[in-house]
Amino acid sequence: MEKLESVDVAEAVRRRLRSVSDIDDGYDFNIVELGPKSNTGHLMVLCHGIIGTVADFNNMVTEMQSVERHAWSHRMIVLRITSNGGYHKTTQGVQFYANNVVREIKSFIIQNGDKFDLQYFSICGHSLGGVVAREAIKRLWEQEILVPGSKIASSPRKNVKGYRQLSTVLFMAIASPFVGINVAKERSCVGALYKTLAPFAAGQTAYDLQLDDRTQEPLLHRMVKAPYISVLQAFEHRVIIANVRNDFLVPYNTAFIRDLESPFKETNIKQLAFKNDICPYLIDVEKSKFCVPPDEMPPLTYDTKRSQWAAPIIRELNKVSWIRHHILMDSEHFPQHAQIIEKHKGKGGVECLRFVVKEIEARIESCVSRSLK
């Protein structure tokens, strides 16, 4: 009798999936479960960058599973997006990538929402994954699958289409180009060559991330209008972790959403202080000494036409508060863009990755633990 009941439930789920056009029941979900199974579930989504795969987060997931360093007090379901792996899918544009992310998340909620008693939602994107995450959460917000973290409920809620509604907790971006590539004026032949060749190497995705001299409004500019900002504001925590130097793919200004010159240039630094008790590469900005303080740096110089796009992007994104963590690894820790999540085994990556996971744990625990009291 129990077997018949389980078959009936499975068939009901399949019928439900077939009845919704933007849902797919063919996913091979890549999940890891952490913490006690008796508590309500927290869905943590990981989005990789361009030409990436789920393997980009192998070391992060392994670190999350370390019982010696992490004690998750509630049920965490870590979902690594599998539907966008490789070169072809990640170069089709931000919206193509985000559409696949949304389909996979919705499919997971439909098939596993009740099983894991999902009530909370967090998302972390590395590189392009951070931009894609913003597009994805906007769509989930419009479909009323995500609700403000401040309205955390003690029991499951569903929207009009029957989806579980999840309370927004943490949005984290790691070295993500929120203001696009080539934000500042190209002062070298290398910069100009990079701008020219990027679309050929990275397709529509590169075009989406450029604020060039086109007359049509760039995607990144559209992504600072409502409800893009509204859904960001709905998260309890918004965190940026990025390199201050030595990251050619995502330099300081686009990663930290700043319209001033970087204060971390070698010529502007008197003495840098680090939070060695947390991470030897994490800068203590308040204790560091600069020739020109960070908030008094001169404005960033843009190409004339590009400035009409970059300036409002920076202004609008800074209408929400961000927790910013500044990482500095020496040039020997190449490539820093990948090492910040220890995408490959190498010097510096272990310490940075442990900090990233500790930050995820601290932000999530502080919010969800408060709601469970």
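Residues numbered from 1 in each chain as written. Predicted model: local features only at pLDDT ≥ 70, side-chain atom pairs only at ≥ 80, totals over all residues. Heavy atoms only, no water.

### Structural notes on the overall build of the protein
- Along its length, the protein carries 12 helices and 10 strands.
- Counting the 373 residues in the protein, one finds 54% classified as buried.
- Considering only intrachain contacts with a sequence separation of at least 6, the fraction spanning at least 24 residues in the protein is 76%.
- As displayed, the protein has an accessible area near 16,500 Å², and 52% of this comes from carbon and sulfur atoms. (Helix = DSSP H or I, 4+ residues; strand = E, 2+ residues; numbered from the N terminus. Buried < 20%, exposed > 50% of the residue type's maximum accessible area, 1.4 Å probe, protein only. Contact = heavy atoms within 4.5 Å. Areas by Shrake-Rupley, 256 points an atom, 1.4 Å probe, with all protein chains shown as cover.)

### Some details on the environment of Ile181
- Structurally, Ile181 is set in the loop between strand 6 (166-174) and helix 6 (189-208).
- Spatially, the C-alpha atom of Ile181 lies 8.1 Å from that of Ala206, the residues being 25 residues apart in sequence.

### What to know about the pattern of salt bridges
- Following the criterion strictly, the structure yields 15 salt bridges and no others.
- When the shortest N-O distance is used, the salt bridge between Glu63 and Arg69 registers 2.8 Å.
- We classify Glu63 as buried; its relative accessible area is 7%.
- Residues Arg139 and Glu135 are paired through a salt bridge, measuring 2.9 Å at the closest nitrogen-oxygen approach. You can see Arg139 and its partner Glu135 sitting in helix 5 (residues 128-142), four residues apart, about one turn around the helix. The same class applies to Arg139 and to Glu135, which are both buried.
- Beyond isolated ion pairs, a larger network of salt bridges with shared partners links Glu63, Arg69 and Arg354. (Salt bridge = Lys/Arg side-chain N within 4 Å of Asp/Glu carboxyl O.)

### Some remarks on the pairing of strand 3 (residues 75-80)
- Counting buried positions along strand 3 yields six of six residues, so the element is predominantly enclosed.
- Both faces of strand 3 are covered, namely the face carrying Arg75, Ile77 and Leu79 and the face carrying Met76, Val78 and Arg80.
- Looking at chain direction, strand 1 (residues 30-34) and strand 3 are connected through five bridges and run antiparallel. Its bridge partner being in strand 3, Val32 is matched across the sheet by Val78.
- Between the parallel elements strand 2 (residues 41-47) and strand 3, the chain passes through helix 2 (residues 58-64) in a crossover that is right-handed. (Pairing = 2+ DSSP bridges. Right-handed = clockwise from strand over helix to strand, strands pointing away.)

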